[in-house]
Structures are given as C-alpha cells and as structure tokens.
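Results of the structural survey
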Amino acid sequence: MPSYRLPPDYPRQVWFVAAMALALATMVALIPLGVAPRPRKQVATLAPSATRTLTATSTPEPGVRVEPSPSSSATATTQPTPTATPTSTPTATGTPTATRTPTETPTPTETPPSDHYWLERPISPEGHDWVAPFYPYASRGDGTYPIHHGVEFVNPMGTPILATAPGTVIVAGDDLRQAYGARTDFYGRLVITELDHTFQGKPLYVLYGHLSEVLVDVGQRVKTGDVLGLVGMTGVAEGPHLHMEVRYGENDYGATVNPELWVRPHEGHGTLAGLLLSADGQPVAEAKIMLYQAGATGGKPFRELSSYPNREVNSDPAWQENFFAGDLKAGQWRVEVYKNARLYTETFTIEAGATSRLVIRLKQ
C-alpha cells in the first residue's frame with residue numbers, strides 16, 4: 001500500500017500551524033451568521049430547603065384534686081401455674097428489648113380496691129430490707145438505664161435471700177442457656193417461685209435475680225422466710241444486690257407488675273398508687289412528678305417520681321396506677337406535676353399499712 005508524505009521542502013510543523021490558523025479564521029467568520037457555537041452560561045440551581053411546621057400545644061388549667069382513700073386488706077384465692085423470665089438491675093448494663101405492650105389502660109374507679117400485701121421482705125431485718133429508691137419499678141434510674149421490671153434490695157455479698165410467700169420453686173440455677181429476661185445471662189443465678197395463691201383467678205410468680213449462690217431445687221416447696229440463696233452480682237449486675245420481680249398471669253418478662261404494691265410496707269409507712277391522666281382520660285407517660293412532705297419548704301423534693309412508660313411494664317391489676325411511691329411515712333404529702341407549661345399541685349394522705357390512691361386529671 002502506498003504511503004502519503006508531505007512535500008519534502010516543508011516541515012510538518014509548518015503544515016500544522018497553517019491548518020490551525022485556517023480553522024480559527026473559519027470560526028471567526030461564522031460567528032456573525034449564528035452558526036458557530038457560543039459558550040453556554042452555567043446556571044446554579046439551589047436544592048430546596050426543608051420546611052418545618054410548628055404546632056401549638058394547649059395549656060391546661062390547674063388540675064382536679066382527688067383525695068386518695070386507703071384500702072383494706074385482700075384475701076387470697078387458690079393455686080397458680082408458673083413459667084420463667086427476668087429483669088434489669090440498679091446499675092445494669094445492656095439494653096433489654098420490650099416483649100409486649102400492656103393490654104389494659106389504667107382507669108380510675110369510684111371505690112379504691114383492696115390492698116394485696118401478700119409478700120414479706122426478701123431480706124431479713126439484719127440486712128437492708130428497704131427497696132432502693134434510685135431505680136424503682138418502671139423507671140430508668142438516672143435516665144440512662146433500661147426500663148426497670150422490678151425493684152432492688154442493695155446488700156453485701158452473701159446476705160441471705162428469703163422466700164416472700166409460700167410457693168413452689170419452678171426455676172433454680174442460671175440463665176446462661178435460657179433467657180428469663182431481656183436476654184441470656186441477664187439475671188445470672190436466679191430463683192423463680194410460683195405462689196400458692198392466685199389473684200383474680202390468675203397465677204403469681206416471684207423472681208429473685210443476681211444471686212451468688214442458689215440453695216433450693218426445682219420442685220421444692222418453700223414457705224415464707226425460707227432461705228432461697230445468697231445476694232450476689234451475677235448477670236448484668238454491677239454491684240451486689242437482689243433484683244426482685246412480681247409477675248402476674250404468666251411467668252414472662254413482659255408480665256411484671258410493681259412489687260411495692262405487693263410487699264408489706266414497713267411499720268408506720270404506706271404506699272401511694274397514683275394515676276396521671278390527660279384531659280381526654282388517657283394515661284400520661286413518663287411525666288416528671290415531684291413528691292414533698294406537707295409543710296416542707298425549700299426546693300428539693302423528698303423524691304422525684306416518673307409516670308410509667310407506655311411499653312414493657314404494667315399497671316397493677318387492682319390499682320391500675322401509672323405512678324407510685326412506696327414506704328412513705330404516714331401523714332400529709334403533696335405532689336407537683338409540671339406539664340404543658342402549667343404547674344399542678346395535689347395533696348393526699350398516707351395511712352400506715354395501706355395504699356392510698358390519687359388521681360390527677362390534666363385540663364386543657
């Protein structure tokens with residue numbers, strides 16, 4: 001095939017320069033005729049910004065006062081049937097998952113129900129048999145803990161743990177393979193008993209968790225005051241204490257109720273079972289409630305309470321509360337609720353050895 005070459009007397013560079021000059025002259029000549037392309041202007045487009053809608057909230061009037069009435073004592077019925085499951089701890093790590101939502105909405109009744117203080121303290125008076133106030137039932141402690149399914153009795157390692165009522169041991173050992181709470185190895189060593197008595201035809205179970213040693217066997221019958229094991233810090237516990245739960249209807253992590261409405265108060269003390277409702281009668285979840293002794297002055301409350309979350313935990317089958325305070329000295333008390341830019345103040349009376357009910361309904 002023949003090859004084509006430039007005439008030998010002109011170098012390639014000369015031909016290249018000539019071709020570029022000719023092309024440039026042609027483009028300049030075509031611009032007036034609108035044929036040559038003109039440079040396009042870049043137009044910046046701005047992404048639309050998010051818009052927010054602000055909703056106004058209504059502000060309620062001062063609340064309605066409902067004076068609580070203490071109640072009498074309840075009678076037991078006959079035998080229950082068990083299963084097993086556990087809870088969180090005062091200084092617990094790990095985040096438990098909710099297993100079910102309470103099915104019943106708390107509603108006030110005209111006549112307060114009867115007390116059902118069927119359980120004695122799980123720690124003898126030689127130990128510390130008061131419920132720890134910093135992580136009560138249904139609370140988050142300082143706000144960083146999981147929702148609590150029980151109560152705590154803080155004691156030294158090896159303190160004897162006592163049966164709170166007559167019943168049968170249905171779980172005795174550990175939860176390394178089977179979860180009785182949020183997950184396996186949650187309670188560590190534990191005991192669960194099914195009580196001899198039922199309530200409203202349904203069984204009751206008591207769980208004792210974080211034991212250092214279990215001293216009973218499955219199937220063993222126990223009576224009030226029998227030693228079940230020793231205080232420890234197994235499972236998710238970060239310090240020695242007993243975690244105790246009451247389960248109603250089934251032995252399940254989602255079936256817990258407040259133990260302080262079942263454990264007999266200390267002498268000269270009683271319990272508050274409160275219900276905080278919105279204007280349309282719905283329970284108000286996780287509202288801050290300040291508790292003061294009547295006549296006390298100064299800014300610091302005796303105890304800071306919180307209404308129950310709307311998941312994981314349950315109201316008592318009799319009292320239908322969504323906030324509470326246990327082991328309060330008999331006498332006059334008041335609570336303050338700050339909600340929707342309004343302060344609600346209610347007073348009530350605690351009677352020794354009884355539960356007092358207080359219903360607060362917010363108004364729009």
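A short tour of the structure in this document, coming up.

Calculation notes
- Residues numbered from 1 in each chain as written.
- Predicted model: local features only at pLDDT ≥ 70, side-chain atom pairs only at ≥ 80, totals over all residues.
- Heavy atoms only, no water.
- Helix = DSSP H or I, 4+ residues; strand = E, 2+ residues; numbered from the N terminus.
- Contact = heavy atoms within 4.5 Å.
- Areas by Shrake-Rupley, 256 points an atom, 1.4 Å probe, with all protein chains shown as cover.
- Pairing = 2+ DSSP bridges.
- Axes fitted to C-alpha atoms, helices over the stretch in contact; angles between N-to-C directions.
- Phe/Tyr/Trp six-rings, centres within 6.5 Å; stacked < 30°, edge-to-face > 60°.
- Buried < 20%, exposed > 50% of the residue type's maximum accessible area, 1.4 Å probe, protein only.
- Lys NZ or Arg CZ within 6 Å of the ring centre and 35° of its normal.
- Core = buried A, V, L, I, M, F, W, Y, C linked by side-chain atoms within 4.5 Å.

**Remarks on the overall build of the protein chain**
Counting its secondary structure elements, the protein chain contains 1 helix and 16 strands. The long-range fraction of contacts in the protein chain, counting pairs at least 24 apart against all pairs at least 6 apart in sequence, stands at 72%. Carbon together with sulfur atoms contributes 55% to the accessible area of the protein chain, which is approximately 19200 Å² in total.

**Things to note about the sheet that holds strand 12 (residues 303–306)**
As summarised here, the arrangement of the 4 strands in space is 12-11-14-15, forming an open sheet in which the pairing is antiparallel. Sheet topology places strand 12 and strand 15 (342–350) at the edges, where each strand pairs with a single neighbour. This sheet shows a mean twist of 25 degrees between the axes of neighbouring strands, independent of strand direction. By the bridge criterion, 4 bridges tie strand 11 (residues 288–293) to strand 12 in an arrangement that is antiparallel. Across the sheet, Lys 288 pairs through a bridge with Ser 306, a residue of strand 12.

**Some thoughts on the packing of aromatic side chains**
Applying the stated rule across the entire model yields 9 aromatic pairs. Ring geometry for Tyr 135 and Tyr 145: centres 4.8 Å apart, planes at 55 degrees, overall tilted. On the criterion of sequence distance, the pair formed by Tyr 135 in the loop between helix 1 (12–30) and strand 1 (151–154) and Tyr 145 in the loop between helix 1 and strand 1 is long-range, its members being 10 residues apart. Assessed through its relative accessible area of 0%, Tyr 135 is described here as buried. Residues Phe 302 and Trp 333 carry aromatic rings whose centres are separated by 5.0 Å and whose planes lie at 70 degrees to one another, so their mutual orientation is edge-to-face. Taken together, the positions of Phe 302 in the loop between strand 11 and strand 12 and Trp 333 in strand 14 (residues 331–339) put the pair 31 residues apart, joining distant regions of the chain. In this structure Trp 333 comes out as buried when scored by relative accessible area, which is 2%. Members of the aromatic cluster, each reached through a chain of ring pairs, are Trp 118, Phe 199, Tyr 248 and Trp 262. Positioned over the ring face of Tyr 292 is Arg 334, at 4.4 Å from the centre of the ring.

**Here's the deal with the sheet that holds strand 13 (residues 323–329)**
Ordered by their spatial adjacency, 3 strands build an open sheet running 13-10-16, and the pairing between neighbours is mixed. The sheet terminates laterally at strand 13 and strand 16 (355–361), the two strands that pair on one side only. Neighbour to neighbour, the strand axes of the sheet diverge by 20 degrees on average, direction disregarded. Two elements, strand 10 (residues 269–277) and strand 16, share 7 bridges in a ladder whose sense is parallel. Residue pairing across strands places Gly 274 opposite Leu 358, the latter belonging to strand 16.

**As for the nonpolar core**
In this structure, Leu 119, Leu 204, Tyr 208, Leu 242, Met 244 and Trp 262 are the most contacted members of the largest nonpolar core, which totals 38 residues. Mapped onto this core, the elements with two or more residues apiece are strand 1, strand 4 (189–195), strand 5 (204–214), strand 7 (227–231) and strand 8 (241–248). Non-local contacts of Leu 242, meaning those with residues more than four positions away in its chain, are made with Pro 122, Ile 123, Val 151, Glu 152, Phe 153, Ile 161, Tyr 208, Gly 209, Leu 211 and Val 231. Leu 272, Val 337, Ile 350 and Ile 360 belong to the second-largest nonpolar core, a separate cluster that totals 19 residues.

**Focus on the environment of Met 233**
Note that Met 233 resides in the loop between strand 7 and strand 8. C-alpha of Met 233 to C-alpha of Arg 189: the two residues are 44 residues apart in sequence and 8.9 Å apart in space. Those residues in contact with Met 233, other than ones at most four positions away along the chain, are Met 157, His 210, Glu 238, Gly 239 and Pro 240.

**As for the pairing of strand 4**
When you tally the buried positions in strand 4, you get 6 out of 7 residues, the bulk of the element. Alignment of strand 3 (residues 167–174) against strand 4, held across 7 bridges, turns out to be antiparallel. Each residue of the ladder has a partner; that of Gly 173, found in strand 4, is Leu 190. In terms of strand pairing, strand 4 meets strand 5 through 6 bridges, oriented antiparallel. By the bridge assignment for strand 5, Glu 194 is matched with Tyr 205.

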